[in-house]
Amino acid sequence: MIKDNYRTILNNVETASAQSPFEKKAKLIAVSKMHSAGEIMEVYEEGQRDFGENKVQELTDKAGQLPDDIRWHMIGHLQTNKVKNIIDRVYMIHSVDSEKLAVVISREAQKHALVMPVLIEVNIGNEPSKSGVKSEELEDIVRKISVLPNIKVQGLMCIPPASADAEKTRKYFAALRNLSIDINQLNIDNIQMNVLSMGMSDDYAEAISEGSDYVRVGTGIFGMRDYGK
Ligand SMILES: *Cc1c(COP(=O)(O)O)cnc(C)c1O
């Protein structure tokens, strides 16, 4: 089941990339939160190496049990006091949403002599319940982060407002893309926005058609998450 789902999604991602006007190949992140190491291995055996988790403890537990060549993407809200637990285990942090968090990431990365690639999470629908920086605060935070030595902003991430209408969601994806273009035009030292992390199980095809580089798909690969466990 999982293997079949995975192959279907991978195919769809390739097709959507080929049809997209942006002429780039979107990468698939398999979002494995709440799924077991065994389930992850089924997808790993198919060749998948990029996996996403949204909780520090879960990510470190799984990273400890699974092959070293997995690239772990931290996609959930990150508390400053937990940065040290993942700093040398993650490939990219998609969810930087404050200057304070960026400062801690840079400081912890320095201790390991590494430069951490990150994305800034934008609250693109301006929803009070969601984390992420507001569009109008983005330039300011990017400028502040740009001077930190051990963190490298590579782009933007968003989770648009839930909607049954994928065409509505598409407008948010386009808005995120335009924000990254605006920031690039400022020519801030040390800042080049090349990566857009957008699109989940229900809307990854639309995200790719709007220029996504990373789609984050959980349910479409692993099935429904059982929050009652
Ligand atoms: C859970 C999660 C996903 C995957 O969502 P699905 O609808 O299961 O594909 C993607 N991005 C983030 C940030 C998530 O927390």
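Just above sits the structure.
What you are looking at is a predicted structure, and each value in this text was computed from that prediction instead of being measured.

What exactly am I supposed to notice about the site of the ligand here?
Close to the ligand lie Val31, Lys33, Ile75, Ile159, Met200, Ser201, Arg216, Val217, Gly218, Thr219 and Arg225, which account for all nearby residues. At 2.9 Å from an oxygen atom of the ligand is found a main-chain nitrogen or oxygen belonging to Gly218. Within the side chain of Thr219, a nitrogen or oxygen atom sits 2.5 Å from an oxygen atom of the ligand. Here the ligand has 390 Å² of accessible area as a free molecule, and 89% of this is covered by the chains. Tallied by class, residues from the shell around the ligand come to 5 nonpolar, 3 polar and 3 charged.

Is there a simple way to explain the pattern of salt bridges in this structure?
Where side chains of opposite charge bring their charged atoms close, a pairing between them can arise. By the definition in use, this model includes 17 salt bridges. Two residues, Arg7 and Glu46, come together in a salt bridge whose shortest N-O distance is 2.9 Å. Of the two residues, Arg7 is situated in helix α1 (residues 2-19) and Glu46 in the loop between α2 (37-44) and β2 (50-53); the sequence distance between them amounts to 39 residues. Taking the relative accessible area as the measure of exposure, Arg7 reaches 41% and is therefore partly exposed. Judged by its relative accessible area of 28%, Glu46 falls in the partly exposed class. For Lys130, the salt bridge is made with Glu127, and the minimal N-O distance between the two is 2.8 Å.

Where do I start with the packing of α1 against α2 in this structure?
Two packed helices can be described by the angle between their axes and the distance between those axes. At their nearest, the axes of α1 and α2 sit 9 Å apart, and the two run at 45° to each other. By the angle between their axes, α1 is oblique relative to α2. Once α1 is placed against α2, the crossing between them reads as right-handed. Residue-level contacts link Ile2, Lys3 and Tyr6 of α1 to Glu39, Glu42 and Val43 of α2. Split into classes, the residues belonging to the contact of α1 with α2 amount to 3 nonpolar, no polar and 3 charged.

Honestly, the environment of Lys168 in this entry has me stumped. Any pointers?
Mapped onto the fold, Lys168 is located in helix α7 (residues 166-185). Residues Lys168 and Val13, spaced 155 residues apart in sequence, show a C-alpha to C-alpha distance of 20 Å.

Teacher, can you tell me more about the nonpolar core here?
One recurring pattern in soluble globular proteins: nonpolar side chains tend to sit buried together. Ile93, Ile105, Leu138 and Ile221 are the most contacted members of the largest nonpolar core, which has 63 residues in total. Contact partners of Ile221, with chain neighbours within four places excluded, come to Ile2, Asn5, Tyr6, Ile9, Leu28, Ala30 and Val43. Within the second largest apolar cluster, 6 residues are counted, among which are Ile29, Met92, Met157 and Tyr214.

Hey, could you run me through the side chain of Lys33 in this one?
In this fold, Lys33 is placed in the loop between β1 (27-31) and α2. Here Lys33 is buried and forms no salt bridge, its nearest opposite-charge partner Glu53 lying at an N-O distance of 8.3 Å. Apart from residues lying up to four places away in sequence, Lys33 is in contact with Gly52, Glu53, Asn54, Glu58, Lys62, Arg225 and Tyr227.

Rules used throughout
- Residues numbered from 1 in each chain as written.
- Predicted model: local features only at pLDDT ≥ 70, side-chain atom pairs only at ≥ 80, totals over all residues.
- Heavy atoms only, no water.
- Near = heavy atom within 4 Å.
- Polar contact = N/O pair within 3.5 Å; in protein donor to acceptor, adjacent residues only side chain to side chain.
- Areas by Shrake-Rupley, 256 points an atom, 1.4 Å probe, with all protein chains shown as cover.
- Nonpolar A, V, L, I, M, F, W, Y, C, P; charged D, E, K, R; others polar.
- Salt bridge = Lys/Arg side-chain N within 4 Å of Asp/Glu carboxyl O.
- Helix = DSSP H or I, 4+ residues; strand = E, 2+ residues; numbered from the N terminus.
- Buried < 20%, exposed > 50% of the residue type's maximum accessible area, 1.4 Å probe, protein only.
- Axes fitted to C-alpha atoms, helices over the stretch in contact; angles between N-to-C directions.
- Parallel < 35°, antiparallel > 145°, perpendicular 65-115°, else oblique.
- Left-handed = near helix turned anticlockwise from the far one by under 90°.
- Contact = heavy atoms within 4.5 Å.
- Core = buried A, V, L, I, M, F, W, Y, C linked by side-chain atoms within 4.5 Å.
- Lys, Arg positive; Asp, Glu negative; His and termini not counted.

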